[in-house]
Amino acid sequence: MERKHMSAFALYQTISTDVPPPAKKASLQVADKKKKKKENGVSKVNAVKAQQKSDKKKTRKKLLKSAQREESLKGTAEIQEEVEDECVNGDGEDLNALLADLAKVNNSRERASKLFQWLINPIPAKSFFRETWEKKPILVQRKNPNYYKGLFSTAEFDRMLRQEDVQYGVNLDVTSYTNGKRETHNPPGRALPFTVWDFYESGCSLRMLNPQAFCSTVWNVLSILQEQFGSMAGANVYLTPPGTQGFAPHYDDIEAFVVQLEGKKHWRVYNPRTEDEVLPVISSPNFDQADIGKPILEVVLEAGDLLYFPRGFIHQGDCLPDAHSLHITISSYQKNSWGDLLQKVVPAALEIAMEEDVEFRQGLPLDYLTYMGVQNSDKDNPRRAKFFSRIESLMKKLTNYAPVDAAVDQKARNFLHDCLPPMLTPEELATSVEGAPIRWERGRVMDVDAHITTQTRVRVLRAGCARLCSDGEAVHLYYTTDNSRVYHKEEPKSFEVKPEHTDAIEFLIHSYPKFVTVGSLPCDSAEDRISLAELLFERGIIHTAEPL
């Protein structure tokens, strides 16, 4: 069946008129109300959403304008028609069932590829990365509110507030955006339901900064997707009350996948304003509406829908008057550009060149200050042309000294530090150190005889969980299995590898996903092979084909 594009205004017209509008409430003055609450000892915040009826009229006007932007919306329709032409199976599978099926997939890279395909269905992943990634926004409207069910919910949000140590400013932000002004209303300390839901009822948006630290499903999804991106996969959750907006227009320095989980949200996306803001290296400040022009895409996301936009695309989202919105933004590719790699390559290349090539150590011309520099840049002096020619020659020569592999290893070390630890599948748990049978029972240690032998078959736990890196003097093995779910809570995990063990670790890494016997490891002796395998097993880096 052909999927037809529906404008934001047309979507809005389908909203049931039987739902009564929220009562008119006083304007939002969160900071003052909280201050009065503390002074008076009053337990309930009386601040509420600003001029609800007026906001509803403004929303209708904005959405009416969107219906008139046929050219922009036509572009969205064309995107959807292209998707329809080459779609894969778009039927949503329950997330818990999907994750259970993925746990049976033998190769973690294949697991990551399948999960990413589920995220963007029905768009084929190959065409997405070829035609859309880093280039343009894309919209998927599924008409299936349960497609992402199980990923996160308001009930899970409430559970986290009650059971986890959620801290304002660290894990949770309370925000508002009214009359063109963006404000943060974070009190100090732990975010408890009593106060957090008061803020929400007052018209404030809630942003959970790292849900993967508290929610196992989000942790599982992100720990799988990070192998797809080869870059940290992060997430924020946004809960917005009806008829409000929590954030000003801005652009980010990440690739963003906006996954609508509950309710609906009105989104506007804008092109980068200049070439300098295409794929930016840092996020923007907040913009005024006058700064950003007209949107290229305007839509109402409903539960089950997906909106992707690259870094540099300005965006803003606001809630319609009749429904709250819960969405999770999955992000990646922060500081993962060619330029970021070259920032590591070039200084190192220059250091090596100056050590090894006398041409880089030769002195500058005695009088170069008289014709070079900004104050001389407009002069037509042949010595300037000669100077630039020498610089160009040295820059070309510099590539001969570029330690590209070493710079890539520096990037890899940073990535492994950023990574979430793997959430073990039942099979991985039973065959790794975490599920080893040795235990205390009936007053003594049981199953103490469970040991690795030369016949034990092993492999690395995940394709990307460990990497050999050299600093020029020693070789270290960096790994993710002991990382924290909290970003950079722990120092990078690594240990120095004996020179005689490097070939064996390379052999294990390159053998994945196959299991190999400990006896096949290229070490000097059987004792060395078992000793290395035990070390890697104890660190959680390898697991066995069968439980010990």
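Residues numbered from 1 in each chain as written. Predicted model: local features only at pLDDT ≥ 70, side-chain atom pairs only at ≥ 80, totals over all residues. Heavy atoms only, no water.

*Asks:* What exactly am I supposed to notice about the confidence of the model for the protein here?
*Replies:* When pLDDT is low, close inspection of the predicted coordinates is not appropriate. For the protein, the average pLDDT comes to 87, and 83% of its residues sit at 70 or higher. Counting contacts from residues 1–92, a segment whose pLDDT is below 50, to residues more than four positions away or on other chains yields 136 contacts. (pLDDT = per-residue confidence, 0-100. Contact = heavy atoms within 4.5 Å.)

*Asks:* Where do I start with the side chain of Thr480 in this structure?
*Replies:* Here Thr480 lies in the loop between β15 (475–479) and β16 (493–496). Look at Thr480 and you get buried, because its relative accessible area is 4%. If near-sequence neighbours (up to four positions away) are discounted, Thr480 is found in contact with Leu416, Cys419, Leu420, Pro421, Pro422, Gly464 and Cys465. (Helix = DSSP H or I, 4+ residues; strand = E, 2+ residues; numbered from the N terminus. Buried < 20%, exposed > 50% of the residue type's maximum accessible area, 1.4 Å probe, protein only.)

*Asks:* Honestly, the packing of aromatic side chains in this entry has me stumped. Any pointers?
*Replies:* Each aromatic ring pair is specified by the distance between its two centres and by the angle formed by the two planes. A full pass over the atoms with the stated rule returns 28 aromatic pairs. Consider the rings of Phe116 and Phe257, whose centres lie 5.8 Å apart with planes at 90°: the pair is edge-to-face. Highlighted residues: Phe116 in helix α6 (residues 108–120) and Phe257 in strand β6 (residues 255–270), separated in sequence by 141 residues. With relative accessibility at 0%, the residue Phe116 sits in the buried group. Ring centres of Tyr251 and Phe287 lie 5.9 Å apart, and the angle between their planes is 45°; on these two criteria the pair is classed as tilted. (Phe/Tyr/Trp six-rings, centres within 6.5 Å; stacked < 30°, edge-to-face > 60°.)

*Asks:* Is there a simple way to think about the sheet that holds strand β13 (residues 457–460) in this case?
*Replies:* The pairing of strands in a sheet comes from backbone hydrogen bonds and takes either a parallel or an antiparallel form. Strand order in this open sheet of 3 strands is β17-β13-β18, and the pairing throughout is antiparallel. Only two strands of the sheet have a single neighbouring strand rather than two, namely β17 (516–517) and β18 (542–544). Bridge analysis of β13 against β18 gives 3 bridges, and the strand direction is antiparallel. Note on β18: the bridge partner recorded for Arg459 is His543. Of the strands in this sheet, β13, β17 and β18 are in contact with helix α15 (residues 502–511), which crosses β13 at around 80°. (Pairing = 2+ DSSP bridges. Axes fitted to C-alpha atoms, helices over the stretch in contact; angles between N-to-C directions.)

*Asks:* I would appreciate a short explanation of the pattern of salt bridges in the present structure.
*Replies:* Side chains that differ in sign of charge can pair as their charged atoms come close. Considering all chains together, one arrives at 21 salt bridges under this definition. The residue Arg159 makes a salt bridge to Glu164 at a minimum N-O spacing of 3.3 Å. Between Arg462 and Glu428 there is a salt bridge whose closest N-O contact spans 2.9 Å. With Arg462 in the loop between β13 and β14 (466–470) and Glu428 in helix α14 (residues 426–431), this residue pair connects regions lying 34 residues apart in the sequence. Relative accessible area serves as the criterion here: at 4%, Arg462 is assigned to the buried category. In this structure Glu428 comes out as buried when scored by relative accessible area, which is 3%. Connected via shared salt-bridge partners are Asp357, Glu359, Arg390 and Lys397. (Salt bridge = Lys/Arg side-chain N within 4 Å of Asp/Glu carboxyl O.)

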